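These are the residues of each chain, in order.
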Amino acid sequence: MKDESRNEKTGIRDRKSEVLQVRMGEGIVTGEPHIISSLGLGSCVVVTLYDIYLRIGGLAHIMLPDSSQIRMRNDDCGMRNNNPKSEIRNRRYQCADTAIVALLEGLQRKGAMRQDIVAKIVGGARMFSDYESVSTGIGEQNIASVRNILKRERISVLGEHVGGHHGRSVEFHLSSGRLIVKAIGKADREI
Amino acid sequence: MDDKEMLSEEQLDFLREMMNIGAGNAATALSQMLHCEMNVEIPVVHVLAPRETPSVLGDPSLPTACVRMGMVGDVTGELYFVVPDEDKVKLIHLTERAMLRGIGVSSPIHRFSASPLPGLDLSVLTEIGNILAGVYFTAIHDFCKLNICHSVPTIAIDMIQSLLDEPIVALSSEVQGIILIENRFVLGENHIRTFLLVVPAVQSMKVLVDSIEQARMACSEG
C-alpha cells in the first residue's frame, strides 16, 4: 500500500503515508508519517503514545490487563524476545503493563523525549450489554490497568474513547498525532 | 494450529457427521418456523485457533449479528451464532413473510427488500440462534451422550472482530480451539450463510474430544 510519487515539476519524491495494520496483541513504533490502523476493538484497548515535537509514535492493541495473572505459552509475554525484526508480533504487546513499557522503550530508542510523550486510549467495551452476570468485564479491567500504568509512568492522557457497548476501529495519523475513532452507525470522532 | 492438532482426522470426520445431522434438524426447524422449504448443504466444520477465527468469518470491520449463549452441563463454555449482514436481511425478510402469511397476506419469496419491522430483527435472530443451538446440542447428545444446555441468548450487532474479543482473549493463553460450523441454508436459488461457534472452556475441550473418541469407537465396533 506504499503510496510514494514524485512531484512532476521538481522531481522530488513526496513522502506519503503508508497504512500499517496492527492486529490483536500486536504493536508498532515508527517515526515515519504513516497511518497505523487497528480494526474491530471490543474489550481490547488501543493505546497510542506520541512525541508531539518529533512526531514519533507507537500503537499497541492490548488484549489483557496484566501479564502476571496469565500463563503465557512460549515466553513471559515476550520479555526475552529482543529481536527488533519480530517487533510487531512481540508478545509484550498483549498485556497492558508490558505493552506500555514496550511502546515507551520503542519511542525513546527512536529519540523521543519522555516529557514530550502523550497518550490516548480507545476501546474496552462490554459488547453484550445484558450479559453482565457472566461477562468477565475484561474491557473495564483493561481500561483501569492502562490508566494506572500511564499514571505510574507519568504520561499524560490527551484523549479517551472508552467503555460503552460498541466496537471501534482506530486510525492513528503519525504526521499529526490525530487519532480517528470509527464505529458502526456513528460519525467518525477525533480524539 | 490446524484441525489436526486438536482432533485426529477420524475424530474430525465423526464431528462433521454429527454436525451434518444437526444441520438437517436445523433446516427442518427453520422450515417450520419460516413456513418455507429450507434445505441445507453439508456443513463445513473446522477447529480453529482463537485468533484466526474472526478472519474466517469475513471482513473484521463489517457489521455482523452475533447471538451469545452460555453452555452449561457436561461441557461448559460459550456459543456464538453469527449471521453476516446480507444473510441477516434475508432471514428477517423470510420471517416477515411468514408472519404476513399468518394473517393471509402473501408476498414473493425472491425479493429480499430490507424493511424490517422495528425490533423484529433482533428477536428473530436471537430465536433462530436459540433453536439452532438446541438442535446441534441434541445431535451431540444423541451420539456422545453429553448433556449440554444453553443459557438465555443475548444479541449484539457490530464488527465481528470486536464481538469475539472476549472469548479469544479468554482462550489466548492456552492451547485451545474454537469449533466453527458453517451452514449454508438453501431456499430456491438463495443461500443463507450462518456460523455457529462453539467455544469450550479450557477444561471442557478434553471432555468433548474424549466423548467424540468414545462414541466413534462405539460406532465403529457396532
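See the structure shown above.
Predicted model only: the values in this text are computed from it and were never measured. (Residues numbered from 1 in each chain as written. Chains lettered and ligands numbered in written order. Predicted model: local features only at pLDDT ≥ 70, side-chain atom pairs only at ≥ 80, totals over all residues. Heavy atoms only, no water.)

**Notes on the overall build of chain A**
Check the secondary structure of chain A and you find two helices and twelve strands. Written out in order from the N terminus, the α and β elements of chain A read β-β-β-β-β-β-β-α-β-α-β-β-β-β. Burial statistics for chain A: of 191 residues in total, 54% are counted as buried. Expressed as a percentage of contacts within chain A between residues at least 6 apart in sequence, the contacts between residues at least 24 apart total 63%. (Helix = DSSP H or I, 4+ residues; strand = E, 2+ residues; numbered from the N terminus. Buried < 20%, exposed > 50% of the residue type's maximum accessible area, 1.4 Å probe, protein only. Contact = heavy atoms within 4.5 Å.)

**A word on the overall build of chain B**
Summing up its helical and strand segments, chain B has eight helices and eight strands in all. For chain B, the residues scored as buried account for 55% of the 222 residues in total. Expressed as a percentage of contacts within chain B between residues at least 6 apart in sequence, the contacts between residues at least 24 apart total 74%. With the model as given, the accessible surface of chain B reaches about 9300 Å², and the carbon-plus-sulfur share is 55%. (Areas by Shrake-Rupley, 256 points an atom, 1.4 Å probe, with all protein chains shown as cover.)

**Notes on the packing of aromatic side chains**
All told, the structure shown has three aromatic pairs over all chains when counted by the stated rule. With a centroid separation of 5.8 Å and 75 degrees between ring planes, the pair formed by Y50 of chain A and F172 of chain A is classed as edge-to-face. Here Y50 of chain A is found in strand β6 (residues 45–51), whereas its partner F172 of chain A is found in strand β10 (residues 168–173), with 122 residues between them in sequence. The two residues Y50 of chain A and F172 of chain A agree in class, both being buried. Between F14 of chain B and F143 of chain B, the aromatic rings sit 5.6 Å apart at their centres with planes inclined by 90 degrees, giving edge-to-face as the arrangement. With F14 of chain B in helix α2 (residues 9–34) and F143 of chain B in helix α5 (residues 120–144), this residue pair connects regions lying 129 residues apart in the sequence. According to the relative accessible area criterion, F14 of chain B is buried, its value standing at 11%. Residue classification places F143 of chain B among the partly exposed residues on the basis of a relative accessible area of 26%. (Phe/Tyr/Trp six-rings, centres within 6.5 Å; stacked < 30°, edge-to-face > 60°.)

**Remarks on the interface of chain A and chain B**
With 29 residues of chain A in contact, the opposing surface of chain B contributes 28 residues. Buried surface at the junction of chain A and chain B, both sides included, amounts to about 2400 Å², of which 58% is carbon and sulfur. On the surface where chain A and chain B come into contact, there are zero salt bridges. If you look at where chain A meets chain B, you find six residue pairs in polar contact (both at pLDDT 80 or more). Of all the elements in the fold, those that place two or more residues in the side of chain A that touches chain B are β5 (35–41) and β10 of chain A. The element contributing the most residues to the side of chain A that touches chain B is β5 of chain A, with three residues. Taken together, the residues that form the side of chain A that touches chain B break down as twelve nonpolar, twelve polar and five charged. (Buried area = accessible area lost by both parts, 1.4 Å probe. Salt bridge = Lys/Arg side-chain N within 4 Å of Asp/Glu carboxyl O. Polar contact = N/O pair within 3.5 Å; in protein donor to acceptor, adjacent residues only side chain to side chain. Nonpolar A, V, L, I, M, F, W, Y, C, P; charged D, E, K, R; others polar.)

**Digging into the packing of helix α1 (residues 96–109) of chain A against helix α2 (residues 138–152) of chain A**
When two helices pack together, their arrangement is given by the angle between the helix axes and by the axis-to-axis distance. Residues and elements named next belong to chain A. The geometry of α1 relative to α2 is characterised by a closest axis approach of 9 Å and an angle of 40 degrees between their N-to-C directions. With respect to α2, the element α1 is oriented oblique. Considering how the two elements wind past one another, α1 and α2 form a crossing that is right-handed. Between α1, through A96, D97, I100 and V101, and α2, the contact on the second element is made entirely by S145, V146, I149, L150 and R152. When its residues are assigned to classes, the contact of α1 with α2 shows six nonpolar, one polar and two charged. (Axes fitted to C-alpha atoms, helices over the stretch in contact; angles between N-to-C directions. Parallel < 35°, antiparallel > 145°, perpendicular 65-115°, else oblique. Left-handed = near helix turned anticlockwise from the far one by under 90°.)

**Thoughts on unusual backbone geometry**
Negative phi is the rule for most residues except glycine; trans is the rule for most peptide bonds. Residue and element names in this part refer to chain A. One non-glycine residue, R55, lies in the positive phi region at around 55 degrees. By the secondary structure assignment, R55 is in the loop between β6 and β7 (56–62). A residue is classified by how much of its surface remains accessible, and R55, at 41% relative accessible area, is partly exposed. Phi is positive for R154, which is not a glycine, with a value near 55 degrees.

**Thoughts on the pairing of β6 of chain A**
Residues and elements named next belong to chain A. Most of β6 is tucked away: seven of the seven residues are buried. Residues of β6 alternate between two faces, with V45, V47, L49 and D51 on one and V46, T48 and Y50 on the opposite face, all of them buried. The pairing of β6 with β7 spans seven bridges and is classified as antiparallel. For L49, the partnering residue across the bridge sits in β7 and is G58. Linking β6 to β7, which pair antiparallel, is a turn of four residues; within it R55 sits at a positive phi near 55 degrees. In terms of strand pairing, β6 meets strand β8 (residues 117–123) through seven bridges, oriented antiparallel. Each residue of the ladder has a partner; that of V47, found in β8, is I121. (Pairing = 2+ DSSP bridges.)

**Side note on the sheet that holds strand β11 (residues 178–182) of chain A**
Residues and elements named next belong to chain A. The strand order β3-β5-β10-β11-β12 describes an open sheet built from five strands, whose pairing is mixed. Pairing within the sheet leaves two strands with one partner each, and these edge strands are β3 (19–21) and β12 (189–190). Here β3 pairs with β5 via three bridges, running parallel. Its bridge partner being in β5, L20 is matched across the sheet by I36.

**A few points about a nonpolar patch on the surface**
Together, I52, Y53 and L54 of chain A line one region of the surface with nonpolar side chains, adding up to about 330 Å² of accessible area. Mapping L54 of chain A onto the fold places it in the loop between β6 and β7. (Patch = residues over 30% accessible without salt bridge, like charges linked within 9 Å, V, L, I, M, F, W, Y side chains within 5 Å.)

Distances and angles like these do not, on their own, reveal function.
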